[in-house]
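Per-entry structural report
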Amino acid sequence: MGSNQLLRPRKIPKLFVFGDSYADTGNTKRDTEAWAIPYGITFPGKPSGRYCDGLIATDFLEKVLGAESPYLYRTHGRDKGLKRGMNFAFGGSKMLDSSPNSPFPNITAQVNFLVDLVLAGRVYGDITPSDVSLISYAGGDYIYYIDQNRPAAGLKALVEKVVDNLRVNMIVLGGLLFKKIAVTSLQPIGCLPSYTSASSFKSCNESQSALVELHNKLLKKVVAKLNEQSRVMKKEQHFFIIDIHNAFMTVMKNKGSKRFKNPMKSCCEGYCGRSSDGGKLYTLCDDPKSFFFWDEVHPTQEGWRSIYSVLGNPLTDFLTKP
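Residue positions are given per chain, counted from 1 along the sequence in the order it is written. Thresholds applied to this predicted model are a pLDDT of at least 70 for local features of residues and 80 or more for the giving and counting of side-chain atom pairs; totals over whole chains, interfaces and linings are not thresholded and use all residues. No hydrogens and no water enter the side-chain calculation; it runs on all heavy atoms of the structure.

Focus: the packing of helix α6 (residues 155-175) against helix α8 (residues 209-232)
Lines fitted to C-alpha atoms define the axes here, with helix axes fitted over just the stretch in contact, and angles between the N-to-C directions of these axes take values from 0 to 180 degrees. Secondary structure elements follow DSSP: runs of H or I of four or more residues count as helices, runs of E of two or more count as strands, with numbering from the N terminus. With their axes 10 Å apart at the nearest point, α6 and α8 run at an angle of 30° to one another. As judged from the angle between their axes, α6 and α8 are roughly parallel. The interaxial crossing formed by α6 with α8 has right-handed handedness. Residues L155, K156, V159, E160, V162, V163, L166, R167, M170 and I171 of α6 form the contact with α8, whose own contacting residues are L211, L214, H215, L218, L219, V222, V223 and L226. For the contact of α6 with α8, the per-class residue count stands at 14 nonpolar, one polar and three charged. Put simply, angles under 35 degrees are roughly parallel, angles over 145 are roughly antiparallel, angles from 65 to 115 are roughly perpendicular, and the rest are oblique. In this scheme, a crossing is called left-handed if the near helix is turned counterclockwise away from the far one by less than a right angle; it is called right-handed if the turn is clockwise. Here a residue-residue contact requires only that any non-hydrogen atoms of the pair lie within 4.5 Å. Residues were grouped as follows: Ala, Val, Leu, Ile, Met, Phe, Trp, Tyr, Cys and Pro as nonpolar; Asp, Glu, Lys and Arg as charged; and all remaining residues, including Gly, as polar.

Structural data, given as structure tokens:
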């Protein structure tokens, strides 16, 4: 290796994130619960817009990647020359259904925000081979559909529509010349505290497992096909599933590096972050580190740390290999 190569600074990758509350590090308006106490009590010690007691998936992903913390779209969406990546994720976002002026722009709208920035020449140094784009999807469309008591017979068509929209957005990101395009698998929705409360947090609600299985099966096919097309067309693009479903299940079966006493129960129970004239509408555990879930949907910082510990080498290889 020549001395000029040794002296050349390492290209710091940029991370571009699209999604919902599993990925949002502070894009929502201040009237959402993520900006209320007790959110953020572990990090940074006050609410920061993260749906957690501390760090979330995006924070751990940037550490694995070796990237600088992405700018928030809310605060830097109009900046020129973005030298770092950007987080476009909004808590409360879905894949489908979002009016243009919605406070929770859907994932397609978020991807289009980046398209507009790139077309306006506002991404410094353009998109480089080391940069990573991630679509983080936690099933907001499905949870809304289930909570509305809509007919179960319509779920299959909804899943197919959601996965096809994910496919289209991954293709758009490929068109922006990303070489590394990641998407999360769907976590076991029936194992979230909002659904395990019916069994006193002892077992997952299996009625959701069929839709989760279908989503992940269709997503796997889509990603395999995109990779095959990339190989045939010699595009050198790599599509990758960050398998948080497997990671969630591994941790909840207490097979991860961290053992949680009751991984289906949340630290912050009730209407976390909300109060009324009569006082707080929630109860809080003594030690968030001993809980996998923070509230009825979101993992704690320790939960996300455990998930990324399980994801391990395959994710590191995808993110860091040239």
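Digging into the confidence of the model for the protein
A residue's pLDDT is the confidence the predictor assigns to it, expressed on a 0 to 100 scale. Scored by pLDDT, the protein comes out at a mean of 91, with 95% of its residues at no less than 70. Every residue in residues 1-8 is under pLDDT 50, and counting partners more than four places away or in other chains gives one contact.

Here we look at the pattern of salt bridges
Just to be clear on terms, a salt bridge is a Lys or Arg side-chain nitrogen sitting within 4 Å of an Asp or Glu carboxyl oxygen. A full pass over the atoms with the stated rule returns eight salt bridges. Here R167 ties to D164 by a salt bridge, and the two come within 2.9 Å at their closest N and O atoms. Pair noted here: R167 and D164 are both in helix α6, with a separation of three residues, about one helical turn. Among the residues examined, R167 registers a relative accessible area of 29% and is labelled partly exposed. Classification of residues uses two cut-offs on accessible area relative to the type maximum, computed with a 1.4 Å probe and protein chains only: under 20% is buried, over 50% is exposed, and between them is partly exposed.

Overview of unusual backbone geometry
Here I37 and P38 are connected by a cis peptide whose omega angle stands at 15°. Omega for the peptide link from F43 to P44 comes to 0°, which places this bond in the cis form. Structurally, P44 is set in the loop between β1 (15-19) and α2 (57-65). Phi angles above zero are rare outside glycine, and L177 is one such case at about 75°. Within the element layout of this structure, L177 appears in the loop between α6 and β5 (180-184). For S200, which is not glycine, the phi torsion reads 55° and is therefore positive.

Overview of the packing of aromatic side chains
Pairing of aromatic rings covers Phe, Tyr and Trp, the last counted by its six-membered ring, and requires centre-to-centre distances within 6.5 Å; plane angles under 30 degrees mean stacked, over 60 mean edge-to-face, and any other angle means tilted. Inspection of every chain in the model, using the stated rule, returns 16 aromatic pairs. Residues Y22 and F248 carry aromatic rings whose centres are separated by 6.3 Å and whose planes lie at 10° to one another, so their mutual orientation is stacked. Here F248 lies in helix α9 (residues 244-252) and Y22 lies in the loop between β1 and α2, a separation of 226 residues in the sequence. Y22 gets classed as buried once you look at its relative accessible area, which sits at 1%. When the centroid spacing of 6.3 Å and the interplanar angle of 50° are considered together, the rings of F248 and F293 count as tilted. Placement of the pair is F248 in helix α9 and F293 in the loop between β8 (279-284) and α10 (301-320), with a sequence separation of 45 residues. Look at F248 and you get buried, because its relative accessible area is 0%. Chaining the aromatic ring pairs together yields one cluster made of Y22, F248, F260, F292, F293 and W304. The rule is short: NZ of Lys or CZ of Arg within 6 Å of the ring centre and within 35 degrees of the ring normal puts a charge over the ring. The ring of Y71 has R84 sitting right over it, with the charged end atom 4.3 Å from the ring centre.

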